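Fold and geometry: a report
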Amino acid sequence: MRQTIDSPQQPALPRSRYRFIALVTKEIRLPFVRYIPGRNHPHYWQPEETQDYEEACFLGRQYAAHLAQLLKNNQLHIGRGLLHRIARDIDYSDRSHRRGLQLGFFNYLEVLLGLAGRRLNLYRHVEAVHQLHRSLGVLAWLERKRKR
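Residues numbered from 1 in each chain as written. Predicted model: local features only at pLDDT ≥ 70, side-chain atom pairs only at ≥ 80, totals over all residues. Heavy atoms only, no water.

**Notes on the packing of aromatic side chains**
As a reminder, the rule being used: Pairing of aromatic rings covers Phe, Tyr and Trp, the last counted by its six-membered ring, and requires centre-to-centre distances within 6.5 Å; plane angles under 30 degrees mean stacked, over 60 mean edge-to-face, and any other angle means tilted. Burial here depends on accessible area, computed with a 1.4 Å probe over protein chains only, as a share of the maximum for the residue type. Under 20% is buried, over 50% is exposed, and the range in between is partly exposed. The rule for a charge over a ring is simple: NZ of Lys or CZ of Arg within 6 Å of the ring centre, and within 35 degrees of the ring normal.
Applying the stated criterion to the full structure yields six aromatic pairs. Judged by centre distance (5.2 Å) and plane angle (80 degrees), the rings of F105 and F106 are edge-to-face. Judged by relative accessible area, which is 24%, F106 ranks as partly exposed. Taken together, the aromatic side chains of F32, W45, Y63, F105 and F106 make up a single cluster linked through ring pairs. Sitting over the ring of Y44, R85 keeps its end group 5.3 Å from the ring centre.

**Digging into the environment of L83**
Stated formally: Secondary structure elements follow DSSP: runs of H or I of four or more residues count as helices, runs of E of two or more count as strands, with numbering from the N terminus. Contacts are assigned to residue pairs that have any heavy atoms within 4.5 Å of one another.
Here L83 is to be found in helix α3 (residues 82-89). Among the residues examined, L83 registers a relative accessible area of 42% and is labelled partly exposed. Along the chain, L83 and L67 lie 16 residues apart, while their C-alpha atoms are 8.7 Å from each other. L83 has contacts with L67, F105, F106 and L109, leaving out every residue within four places of it along the chain.

**Things to note about α3**
This is how the line gets drawn: The directions from the helix axis to the C-beta atoms form the arc being described.
Restricting attention to buried positions, one finds in α3 the residues L82, R85, I86 and D89. Down the axis of α3, the buried side of the element spans an arc of 100 degrees, and every buried residue falls inside it.

**Description of the pattern of salt bridges**
Rules: Any Lys or Arg side-chain nitrogen located within 4 Å of an Asp or Glu carboxyl oxygen qualifies as a salt bridge.
Applying the stated criterion across every chain, the model contains six salt bridges. With a shortest N-O distance of 3.2 Å, E49 and R98 are connected by a salt bridge. Linking E49 in the loop between α1 (23-28) and α2 (53-73) with R98 in the loop between α3 and α4 (99-117), this pair joins segments that are 49 residues apart in sequence. Here R98 falls in the buried class, since its relative accessible area comes to 19%. Of the charged contacts, one joins E127 and R134 as a salt bridge, the two residues approaching to 2.8 Å between their closest N and O atoms. Taking relative accessible area as the criterion, E127 reaches 39% and is therefore assigned partly exposed. Look at R134 and you get partly exposed, because its relative accessible area is 47%. Taken together, the shared-partner salt bridges connect R39, R88 and D89 into one network.

**Regarding the confidence of the model for the protein chain**
Worth spelling out the cut-off: pLDDT is a per-residue confidence score from the predictor, ranging from 0 to 100.
Confidence in the prediction for the protein chain averages 88 pLDDT; 82% of positions are at 70 or higher. Counting interchain partners and residues more than four positions distant, the pLDDT-below-50 stretch residues 1-5 has seven contacts.

**Focus on the side chain of K26**
What counts is decided by this rule: Here the positive residues are Lys and Arg and the negative ones are Asp and Glu; neither His nor the chain ends is included. Two N or O atoms count as a polar contact when they lie within 3.5 Å, although within protein this holds only if one can serve as hydrogen donor and the other as acceptor, and sequence-adjacent residues are included solely when both atoms are side-chain atoms.
Among the secondary structure elements, K26 is positioned in helix α1. Of the side chains with opposite charge, E27 comes closest to the buried, unpaired K26, at an N-O distance of 8.6 Å. Side chain to side chain, K26 and N74 meet in a polar contact 3.3 Å long.

Here you go:
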């Protein structure tokens, strides 16, 4: 990811390595995650204000790059529901120019998924993940059985 962007709209967000100990500390460092009043856990979609649709798309893509960097640097964090929490907290009823934040975010994630998908056999990979989860289920069953 380039640190400088040739865009008159706004400067690139500062880079972060997202290397922290606590899981919540990693997530709250994302530029679109914040604590808000009346909520005892982070709100996973609190983006900055934007001037127009184009700027919103630009910022949404940057947010997706930040998420990808966090996951790249924290492999054990992958598959623990962060993307679900982000998607859950997005206000999909907002039809203003801010909708570009969502579109830029998800469209760039699609680009990254496409790039990642080229690197491996997706069918073999998903079957290996299924096998892993089945094994974890058997392991949990065996551990519960032994306690009785």
